[in-house]
Protein chains: 2
Amino acid sequence: MPNLRIPLRFQLLTARISSVSTKRISAALDDTSKAIIEQLQRDGRRSYAEIGKAVGLSEAAVRQRVQKLTDAGVMQIVAVTDPMRLGFSRQAMLGIRVSGDTRIVADLLAEMSEISYVVLSAGSFDIIAEVVCEDDDGLIELLNEKIRGIEGVSSTESFLYLQLTKQKYDWGTR
Amino acid sequence: MPNLRIPLRFQLLTARISSVSTKRISAALDDTSKAIIEQLQRDGRRSYAEIGKAVGLSEAAVRQRVQKLTDAGVMQIVAVTDPMRLGFSRQAMLGIRVSGDTRIVADLLAEMSEISYVVLSAGSFDIIAEVVCEDDDGLIELLNEKIRGIEGVSSTESFLYLQLTKQKYDWGTR
DNA sequence: ACTGAAAACCAAGATTT
DNA sequence: AAATCTTGGTTTTCAGT
C-alpha cells in the first residue's frame, strides 16, 4: 500500500513507480484516452456512461481504459482541497542554501505540515520549498523556530506570494 | 461556466469565488467532513455508500456533504496526470525579475503550455514560475526563445529539479 | 451485449440545533 | 425554523460473463 498521506504527484512518482516499473508512456496516449482524461479533469466523478457518450465508446470500454490509465500511474482521480478556502492565506516559496547533505534537510522539511512542496534543485538554492501558513505570524514562526534551526541550513530566502496566476496538472492532454 | 483549461486551485481561486462569494470556511470543517475528504483524497471515485460506512453516515448524507463541499469550493474531485509518466522529465523553477507591470508578464507566461505554475511574488524575484519540459533542449528553447524575449523580463534564474521530495494538496484535513 | 448486484438519485419524513 | 440525517422506492451504473 502506498503512503497516502501525500496524495498527488509525489505518490505517483514514488509509490507507484515501484510497482509498475519505470515504463514510460511518453506522449503515446491516443486521442480517445486523452478525451477520457479531459472529461475526468473536469469532473472526477462523471459516470462512465456519460464519458462514453462524449468520447464515442461504450461504458465498459471507458471503464477499462480508466482502469488501465490509473493502474499505469498516468492518471489519478483524487480530491484536492483549496488552502485559501480553509484559512491558509499566507503562502511563500523558500529558497534554501544548505551545507552538507541536502537530502537530509529536505526530509526534515518534508515532515513539516506547513510545507507543501520540497524539491532538491541545482542552482543558487539547494532546496526549494513551498510553505502554506494561516498568517504572517505562522510563517515567521515556521521560519525562525523550525527551518532556520535545522542543522545544515545556512541561509533562506523567502518569496511571499502576492497572487497565484496559474496552476495546472493536466500534462499530456493539451 | 468556469474556464476549465486550468483545472485545480487556479479555478478554485477565480471562477468559483465569483459565484460563491468570498466566505471563508476557515478550519471550520467538522470531523465528519474531514473524514469524507480524506476518503476521497485516497480515491476520488470511492462510492458514497462505502464512504458512509467508513465515516458512520448514510449514503445520501455523504452525497449531500460532498455536494456542499464542492459547491463551496473547498474541495474538487479531479483527474491529475503525472508529467514524468508522460515524458516530461525536465522540470525547473524559474525566478524572474521584471521591469514594469509584473501582471502582464505573468499573464504571458501563463499562456505558455510548458509552464505549470505562475505566482507573483515579493522578494528578490517578481515572478516565480514552474516549467515542465520533455528534455533539456525544450527547456533551453523555452527560456531563450520565449521567456527571455518577453518585453519587461530583465533577468531569469533557473533552478533545475533534481528530485521531488514532497508534494501535497490536502490542506485542512491533517 | 446481457445480467445480477450495487450504487446513485430523489422525495419526504424524522431529528437535531 | 433551518439545517442535517435517514429511509424507502426507483433508476442508473457497475463488473463479470
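Please refer to the structure placed before this passage.
Keep in mind that this is a model prediction, so the values were computed, not measured.

Peer 1: Give me the lowdown on the overall build of chain A, citing residues and values where you can.
Peer 2: Counting its regular elements, chain A contains six helices and five strands. Along chain A, helices (α) and strands (β) appear in the sequence α-α-α-α-β-β-α-β-β-α-β when read from the amino end. Sorting the 174 residues of chain A into buried and exposed places 52% on the buried side. A sequence separation of at least 24 residues applies to 64% of the contacts in chain A between residues at least 6 apart.

Peer 1: I'd like to hear about the packing of aromatic side chains, residue by residue, with values.
Peer 2: According to the stated counting rule, one finds six aromatic pairs over all chains in the structure shown. Ring geometry for Phe159 of chain A and Phe125 of chain B: centres 5.1 Å apart, planes at 25 degrees, overall stacked. Within this pair, whereas Phe159 of chain A is found in strand S5 (residues 153–167), its partner Phe125 of chain B is found in the loop between strand S3 (115–122) and strand S4 (127–133), the two belonging to separate chains. Assessed through its relative accessible area of 3%, Phe159 of chain A is described here as buried. An aromatic cluster is defined as three or more aromatic residues linked by ring pairs; in this entry it consists of Phe125 and Phe159 of chain A together with Phe125 and Phe159 of chain B. The side chain of Arg45 of chain A reaches across the aromatic face of Tyr48 of chain B, ending 4.2 Å from its centre.

Peer 1: Give me the pairing of strand S2 (residues 90–98) of chain B: which residues, what numbers.
Peer 2: Residue and element names in this part refer to chain B. Judged by how many residues are buried, S2 sits mostly within the fold: seven of nine residues are covered. Of the strand pairs in this sheet, S2 and S4 are connected by seven bridges, and their pairing is antiparallel. Across the sheet, the residue bridging to Gln91 is Val132, located in S4. Note: S2 against strand S5 (residues 153–167), seven bridges, orientation antiparallel. Directly across from Val98, in S5, lies its bridge partner Val153.

Peer 1: Now, about a negative patch on the surface: what can you tell me, with residues and values included?
Peer 2: All names here are of chain A. Together, Glu134, Asp135, Asp137, Glu141 and Glu145 give the surface a local cluster of negative charge. Within the fold, Asp135 resides in the loop between strand S4 (127–133) and helix H6 (136–147). By relative accessible area, Asp135 is classed as partly exposed at 38%.

Peer 1: How would you summarise the sheet that holds S4 of chain B if you had to cite specific residues and measurements?
Peer 2: Read once around its circumference, the closed barrel built from eight strands follows the order S2(A)-S4(A)-S3(A)-S5(B)-S2(B)-S4(B)-S3(B)-S5(A), with strand pairing classed as antiparallel. When strand polarity is set aside, the average angle formed by the axes of neighbouring strands in this sheet is 35 degrees. Note: S3 of chain B against S4 of chain B, five bridges, orientation antiparallel. Looking at S4 of chain B, one finds that Val119 of chain B is bridged to Ile128 of chain B. Here helix H6 (residues 102–110) of chain B sits on the sheet in contact with S5 of chain A together with S2, S3, S4 and S5 of chain B, set at roughly 170 degrees to S3 of chain B. Docked against the sheet, helix H7 (residues 136–147) of chain B engages S2, S3, S4 and S5 of chain B, running at close to 20 degrees with respect to S2 of chain B.

Peer 1: Give me the packing of helix H3 (residues 31–42) of chain B against helix H4 (residues 48–55) of chain B: which residues, what numbers.
Peer 2: All names here are of chain B. The interhelical angle for the contact between H3 and H4, taken along N-to-C directions, is 130 degrees, at an axis separation of 10 Å. Our classification of the angle between H3 and H4 gives oblique. Handedness of the H3/H4 crossing: right-handed. Side by side, H3 and H4 meet where Thr32, Ala35, Ile36, Gln39 and Leu40 of the first sit next to Ile51, Ala54 and Val55 of the second. Looking at the contact of H3 with H4 residue by residue, the classes come out as six nonpolar, two polar and no charged.

Peer 1: Would you mind going over the nonpolar core in detail, with residue names and values included?
Peer 2: Residues Leu40, Val66 and Met75 of chain A together with Leu40, Val66 and Met75 of chain B are the most contacted members of the largest nonpolar core, which totals 36 residues. Only helix H2 (31–42), helix H3 (48–55), helix H4 (59–71) and strand S1 (75–81) of chain A together with H3, H4, helix H5 (59–71) and strand S1 (75–81) of chain B provide two or more residues apiece to this core. Once you skip the residues sitting within four places of it in the chain, Val66 of chain B turns out to touch Ile36, Leu40, Tyr48, Met75 and Ile77 of chain B. Membership of the second largest hydrophobic core comes to 22 residues, among which are Val105, Ala110, Ile115 and Ile150 of chain A.

Peer 1: Help me get a handle on the side chain of Ser116 of chain A, residues and values and all.
Peer 2: In this structure, Ser116 of chain A sits in strand S3 (residues 115–122). Judged by its relative accessible area of 1%, Ser116 of chain A is buried. Here the side chain of Ser116 of chain A touches Glu130 of chain A through a polar contact of 2.8 Å, side chain to side chain. If near-sequence neighbours (up to four positions away) are discounted, Ser116 of chain A is found in contact with Glu130 and Val132 of chain A together with Lys166, Gln167, Lys168 and Trp171 of chain B.

Peer 1: Report on the protein's contact with DNA strand C, specifying residues and quantitative values.
Peer 2: By nearness alone, every residue bordering DNA strand C is listed as Arg45 of chain A together with Ser47, Tyr48, Ala49, Glu59 and Arg63 of chain B. For DNA strand C, the backbone makes up 56% of the atoms found within 4 Å of the protein, where backbone means sugar plus phosphate. Contact distances for DNA strand C include 3.3 Å between a phosphate oxygen and a backbone N or O atom of Ala49 of chain B. Arg63 of chain B is positioned such that a nitrogen or oxygen atom in its side chain is 3.5 Å from a phosphate oxygen of DNA strand C. Of all the secondary-structure elements, those providing two or more residues to the surface near DNA strand C are H4 and H5 of chain B.

Calculation rules
- Residues numbered from 1 in each chain as written.
- Chains lettered and ligands numbered in written order.
- Predicted model: local features only at pLDDT ≥ 70, side-chain atom pairs only at ≥ 80, totals over all residues.
- Heavy atoms only, no water.
- Helix = DSSP H or I, 4+ residues; strand = E, 2+ residues; numbered from the N terminus.
- Buried < 20%, exposed > 50% of the residue type's maximum accessible area, 1.4 Å probe, protein only.
- Contact = heavy atoms within 4.5 Å.
- Phe/Tyr/Trp six-rings, centres within 6.5 Å; stacked < 30°, edge-to-face > 60°.
- Lys NZ or Arg CZ within 6 Å of the ring centre and 35° of its normal.
- Pairing = 2+ DSSP bridges.
- Patch = residues over 30% accessible without salt bridge, like charges linked within 9 Å, V, L, I, M, F, W, Y side chains within 5 Å.
- Areas by Shrake-Rupley, 256 points an atom, 1.4 Å probe, with all protein chains shown as cover.
- Salt bridge = Lys/Arg side-chain N within 4 Å of Asp/Glu carboxyl O.
- Lys, Arg positive; Asp, Glu negative; His and termini not counted.
- Charge placed at Lys NZ, Arg CZ, Asp CG, Glu CD.
- Axes fitted to C-alpha atoms, helices over the stretch in contact; angles between N-to-C directions.
- Parallel < 35°, antiparallel > 145°, perpendicular 65-115°, else oblique.
- Left-handed = near helix turned anticlockwise from the far one by under 90°.
- Nonpolar A, V, L, I, M, F, W, Y, C, P; charged D, E, K, R; others polar.
- Core = buried A, V, L, I, M, F, W, Y, C linked by side-chain atoms within 4.5 Å.
- Polar contact = N/O pair within 3.5 Å; in protein donor to acceptor, adjacent residues only side chain to side chain.
- Near = heavy atom within 4 Å.

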